[in-house]
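What the coordinates show
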Amino acid sequence: MSRLTDANLAIARDIIARYPRKKSALIPLLHLTQEQNGYVTDDAMRHLAELLDITPAEVIGTATFYEMFKFEEVGTYVINICQTMSCALLGAGALMHHAEEKLGIKAGSTTADGMFTIEAAECQAACTEAPTMQVNYRHQYRVTTEDFDQMIDDLRSGALSGDIPPHGTLGRNRQNIPADKFVGAPDPDDVTEGPAWIPVKVDNS
Amino acid sequence: MSTEDTNATETEPVDAVDGDTDDADEAVEAEPEPEPDPNIVPVTLNGREIEARKGELVIAAAERHDTYIPHFCYHPRMKSVGMCRQCLVEVDTGRGMQLQPSCMITVSPEMKIDTESETAKRAQEGMIELLLANHPLDCPVCDKGGECPLQDQAFSHGPGESRYIEEKRHYEKPIPISDLVLLDRERCILCDRCTRFADEVAGDKLIHFTQRGNETQVMTFPDEPFASYFSGNTVQICPVGALTAEPYRFKARPWDLAQEESTCTSCSVGCRVVVQSSRDEILRYQGVDSDPVNHGWMCDKGRFDFEAVNSQQRIADPMVRTEQGLTDTTWSAALGAAAGVIRESLAAGGPDAIGVLGGARGTNEDAFAWAQLADALGITYRDAQFGDGLPASVLGLDRATIDEAASASTIVMLGADIKEELPVLYLRLRDAAVEKRSKLVEFSSVETGLSRYATQSIRHQPGLQSEAVNEASDLLAGDDVVVVVGRGNLAESADETMAALAAVLAANPSAKVLPALRRGNVVGALSVGMAPADDEHDGLATLRAAADGKLDVLILLGADPINDCPDTDLARRAMAGARRVISIDTHPSESTKLADIVLAAAAYGEKAGTTTNLEGRVSTVSDKVTTTGTARPDWMIAAELAIMLDIDGDIADVASVDDVTAAIAAEVPGFDGVTLDALAGERNGVLTSANPKPLPPVVGGAPQRNTYDHRLVVGRKLYDRAIGTAMSHSIAKLAPGAGAHLHPLDVDALGVADGADVRLIGQKATAILPVVSNPSIARGVVWAPFNQAGGTVEDLIDAAASVTDVKIEVV
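Conventions we followed
Residues numbered from 1 in each chain as written. Chains lettered and ligands numbered in written order. Predicted model: local features only at pLDDT ≥ 70, side-chain atom pairs only at ≥ 80, totals over all residues. Heavy atoms only, no water. Helix = DSSP H or I, 4+ residues; strand = E, 2+ residues; numbered from the N terminus. Rg over C-alpha atoms; globule rule 2.2 N^0.38 Å. Buried < 20%, exposed > 50% of the residue type's maximum accessible area, 1.4 Å probe, protein only. Contact = heavy atoms within 4.5 Å. Areas by Shrake-Rupley, 256 points an atom, 1.4 Å probe, with all protein chains shown as cover. Pairing = 2+ DSSP bridges. Buried area = accessible area lost by both parts, 1.4 Å probe. Salt bridge = Lys/Arg side-chain N within 4 Å of Asp/Glu carboxyl O. Polar contact = N/O pair within 3.5 Å; in protein donor to acceptor, adjacent residues only side chain to side chain. Nonpolar A, V, L, I, M, F, W, Y, C, P; charged D, E, K, R; others polar. Patch = residues over 30% accessible without salt bridge, like charges linked within 9 Å, V, L, I, M, F, W, Y side chains within 5 Å. Phe/Tyr/Trp six-rings, centres within 6.5 Å; stacked < 30°, edge-to-face > 60°. Lys NZ or Arg CZ within 6 Å of the ring centre and 35° of its normal. Domains from an automatic or database assignment. Expected span 1.5 Å × (residues − 1). Axes fitted to C-alpha atoms, helices over the stretch in contact; angles between N-to-C directions. Left-handed = near helix turned anticlockwise from the far one by under 90°.

1. Focus on the overall build of chain B
From N to C terminus, chain B includes 26 helices and 34 strands. Against the globule reference of 28 Å for 811 residues, chain B gives a C-alpha radius of gyration of 29 Å, in line with a compact fold. Reported as C-alpha extents along the three principal axes, the dimensions of chain B are approximately 90 × 75 × 60 Å. Going through the 811 residues of chain B one by one, you find that 58% of them count as buried. Long-range contacts, defined as pairs at least 24 residues apart, comprise 71% of the intrachain contacts of chain B with a sequence gap of at least 6. Split by element, the accessible area of chain B, about 32200 Å² in all, is 50% carbon and sulfur.

Pasting the structure below:
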């Protein structure tokens, strides 16, 4: 279950092929496995180590550095409430307290129905919009306790499911580049100077 | 050490030229100014002019000029990372004084360095204060206390007091990260030394930083322990007490330890070590940095097998077989009995009825004394090996040093898996390959530790390596080629490896050879006289003669043929066929149990002398502790027997081990430089020379495998049932156990599950082993580790056969 499925293994091989060194594909593959299982499991990390020809210790070392990789099950909606200075001054503490009361859990844990996880977060880079929070990494600005309650109700009823995809789909959304926006790797023949990611029109005359 | 010496000689000419120009006259002035040495960079260190080397780190240049800069993460044998920030000093490169980590900046001309300025001092004190914000002050119960860089530098470079009053961080007290190493995360200062070692030096990236920020900690993957053969080094280089070794924990305080420099003799690499003891018991080995040999590293087997020396099982007194079995007796009675047995046999069958095997376990002096005794008695059946190595002629080739191998343009690996057999040589050659100094071309029938670093790893059918070499001869060209040749497969004749070596040397006659014979002092023993005169009198021939009842007396010098001869059946028949067996050994082995007279021998750490490593480097071993019981060194036993047998000559006339060392220097060709004076205080030992002799013609050429059989490869693992490992409880448990490793498709074809027993049917015996599915094994090959508990694969080996083919049946 927690190793990559055959379908995802095909995607993984595709991702690995994009990089000159296999090891570089580790982060996208961690997203892929999180998307599959909801969190990063030990077996999945072993599988990635096999695929990338590195040790499981290197995989866990890299994965645990990043807050967005989870190592145990989280809710469908992960709510990060900013606790840093601007937000704290504008009521983030009270917001967190309210959230805990409303959902009946402490920060860092998940509701029994598996819907919500709340986490205390560091600065979300929107200090002018304090207090802020993220729901599955979608910013919410100037959040009041009423906004919070409304949002929880909307998420429960499914009213927001078009706006906020369930947790763990970041990798998929990232890679779903519309065809007309897709640039891809330029043909090496097209590149004679300048950075490789900017297609260069060359006059060969 | 030696690099410093080299530099001293490099700088001398510059001084001399300066001196000449001072009192020179016009004629000299007309000469052009001497070119400044481009490798010397003049810098100012604390106001004085010093000559640094081009590319040298500031911290290294300062240390070389007697200015110590405090540091934790910097280690001269690993890449700098600038993790700990303790080595901040003020450096001016033309833009004014700035604080810089001195391990991350190389010297440049006109650089000014101040390691003692107010600013530098404040930075260093601040770093210590920060490190101690969380580091517990549990020095009184910490193994590192007393030899701890953090403790020492907190005194020498710390502020003396802390502004932090907060509660320190707490973690679960030590957690095992392997069977040998424990981690106390509270004490860790995140210097990255252990993790860098695991990655850069050992290549076993099984520990890694996990989490981040304040939570950062060194960790293994769950259920994947730090099972590196080199894990003990991380304990030695840990600058705090975060990593401790299970065999030494809470055994002693550093100030209670007395130490002496010595050489490790677990294998023939000859790593330089210090032996540390307390209350006359060896408690620890630490690696010492010998530039041409071990760079300060050791393998875990060498580091922890001192437990065997302290073992309760040691043979403490001589024993003679009576009706009650082996019974303790006095030395005079035992030696008298031994002399009587030898005298009787000389009278009855002459010197050809006596065989002497072994010597690789002892010192050069031990082997030399016994060789002298054998010479005096006219004994020709003698060998330090018994079918487990390569013919002694491999030592007579143009021999390479480890340094030459590690800087060769191409390293050709033939045979042995040196990660299992000669671990520190593996580190040196792995480094050469990883740093792209050398191309690595490997010929092996199974994957080895070096395969993943090889430019070309050529798999051949067991026994057909000469063919593989001939096909790949274009890879062997070049000026600077070193062949590392060992015995990779104990289930095939050594002739196959020798034929392949001959093929390599035919393809590239200028190639040098590093013989990867693995036993501790096998090269020394063979060099000082324990080499057989010809194939008719070598170790296997001796065992055959004994098995055929032609030997009256078989003398075993620390040899355990039943465990160490690949052909165990031959060894058993030899032990039964010899009329009398005299065993001189440290521990009861299967062979000593069958002996008639057992003489208790002193072990390493208990006797002084010299040892020779695989490149022919002779270095000292020291007698740190007194011997167990009444045990004596082998050379002393030889001398006493010589006196009892009324032999006139040098051997009966030695009073101390130094006399024997001097006699070796006087008599053994190539050892004339190995004098007591030359050895005294010489950490790197003295290199002996051998007159290159061409390889005698050898006929290899095993038949092709038929498709019904599997061809057997029996190779060594680092940990097996050999006495030094088996008697050391910490490492004995690491032996992998017996198994028949097969390619997964071959396992499927047999229709057995992984781990089920299969029967290997050979020409002369069968063996039952659990099957292990192993994708690194080629199809048609079955690989089994040698001398492991739970299997008898050795029974299948016939020393007379070129290869061993087996049929595999499901049990």
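Here the narrative resumes, following the displayed structure.
2. Side note on the overall build of chain A
In terms of regular secondary structure, chain A is built from eight helices and four strands. Each helix and strand of chain A, ordered N terminal to C terminal, gives the series α-α-α-α-β-α-α-β-β-β-α-α. Taking all 205 residues of chain A together, the buried fraction comes to 40%. The long-range share in chain A, meaning contacts at least 24 apart out of those at least 6 apart in sequence, stands at 65%. In the structure as shown, chain A presents an accessible area of about 11700 Å², 52% of it carried by carbon and sulfur atoms.

3. Some remarks on the pairing of strand β27 (residues 617-621) of chain B
All names here are of chain B. Buried residues dominate β27, accounting for four of its five residues. Pairing of strand β26 (residues 609-612) with β27, which is carried by four bridges, proceeds in the antiparallel orientation. Looking across to β27, one finds that T612 is bridged to V618. Linking β26 to β27, which pair antiparallel, is a turn of four residues; within it G616 sits at a positive phi near 85°. Of the strand pairs in this sheet, β27 and strand β28 (residues 686-687) are connected by two bridges, and their pairing is antiparallel.

4. Some points on the interface of chain A and chain B
The interface of chain A with chain B comprises 14 residues on the first partner and 13 residues on the second. Note on chain A versus chain B: buried area summed over both sides is about 1300 Å², and carbon and sulfur give 58% of it. For the pair chain A and chain B, the interface holds two salt bridges. Note that B:E224 is salt-bridged to A:R46, the shortest N-O span being 3.3 Å. Taken together, the links from chain A to chain B amount to six residue pairs in polar contact (both at pLDDT 80 or more). The element that contributes the greatest number of residues to the side of chain A that touches chain B is helix α4 (residues 56-63) of chain A, accounting for five residues. Split into classes, the residues belonging to the side of chain A that touches chain B amount to five nonpolar, three polar and six charged.

5. Section: a nonpolar patch on the surface
Taken together, the side chains of A:M85, A:L89 and A:L90 define a hydrophobic patch exposed on the protein surface, amounting to about 370 Å² of accessible area. Note on A:M85: relative accessible area 57%, which makes it exposed.

6. What to know about unusual backbone geometry
The step from A:A130 to A:P131 runs through a cis peptide bond, and the omega angle for that step is -10°. With respect to the helices and strands, the residue A:P131 is situated in the loop between β2 (116-121) and β3 (133-135). Positive phi, close to 65°, is recorded for B:E110, a residue that is not glycine. Within the secondary structure layout, B:E110 lies in the loop between β4 (97-101) and β5 (112-114). Looking at B:E110, the relative accessible area reads 61%, which means it is exposed.

7. A short note on the packing of aromatic side chains
For the structure shown, the criterion picks out seven aromatic pairs over all chains. Relative to B:Y719, the ring of B:Y229 has its centre 5.6 Å away and its plane inclined at 90°; by these criteria the two rings are edge-to-face. Of this pair, B:Y229 sits in the loop between β9 (217-220) and α7 (232-237) while B:Y719 sits in the loop between β29 (710-715) and α24 (723-726), and the two are 490 residues apart along the sequence. Each member of the pair, B:Y229 as well as B:Y719, is classed as buried. Among the aromatic residues, those joined into a cluster by ring pairs are A:F65, A:Y66 and A:F69. Here B:R452 stacks its cationic end above the ring of B:Y453, 5.9 Å away from the centre of that ring. The ring centre of B:Y604 lies 5.7 Å from the NZ or CZ of B:K607, which sits over that ring.

8. Regarding the domain arrangement of chain A
In terms of domains, chain A is made up of domain 1 (6-63) and domain 2 (77-157). Taking the mean C-alpha position of each, domain 1 of chain A and domain 2 of chain A sit 30 Å from one another.

9. Describing helix α15 (residues 494-507) of chain B
Residues and elements named next belong to chain B. Its 14 residues place the ends of α15 20 Å apart at the C-alpha level, agreeing with the 20 Å of an ideal helix rising 1.5 Å per residue. Summarising burial for α15: 10 of the 14 residues are buried, a large majority. Summarising the contacts, the buried residues of α15 are in contact with β18 (410-414), α14 (465-471), β21 (481-485) and β22 (512-515). A distance of 3.0 Å separates the backbone nitrogen of D495 from a side-chain oxygen at the start of α15, and that oxygen is part of S493.

10. A look at the packing of helix α6 (residues 92-103) of chain A against helix α7 (residues 145-157) of chain A
Residue and element names in this part refer to chain A. The N-to-C vectors of α6 and α7 enclose an angle of 35°; their axes lie 10 Å apart at closest approach. Seen from above, α6 lies across α7 with right-handed handedness. Between α6 and α7, the residues in contact are L95, H98, A99, K102 and L103 and T145, F148, D149, I152, D153 and R156, respectively. In terms of residue class, the contact of α6 with α7 is built from five nonpolar, two polar and four charged.

11. Some words on the environment of B:F368
Residues and elements named next belong to chain B. Along the polypeptide, F368 turns up in helix α10 (residues 364-377). By relative accessible area, F368 is classed as buried at 5%. Sequence spacing of F368 and W635 is 267 residues, and the spatial spacing of their C-alpha atoms is 7.6 Å.

12. Regarding the environment of A:T144
Residue placement: A:T144 occurs in the loop between β4 (138-140) and α7. Within the structure, the side chain of A:T144 is placed 3.0 Å from the backbone nitrogen of A:D147, a separation counted as a polar contact.

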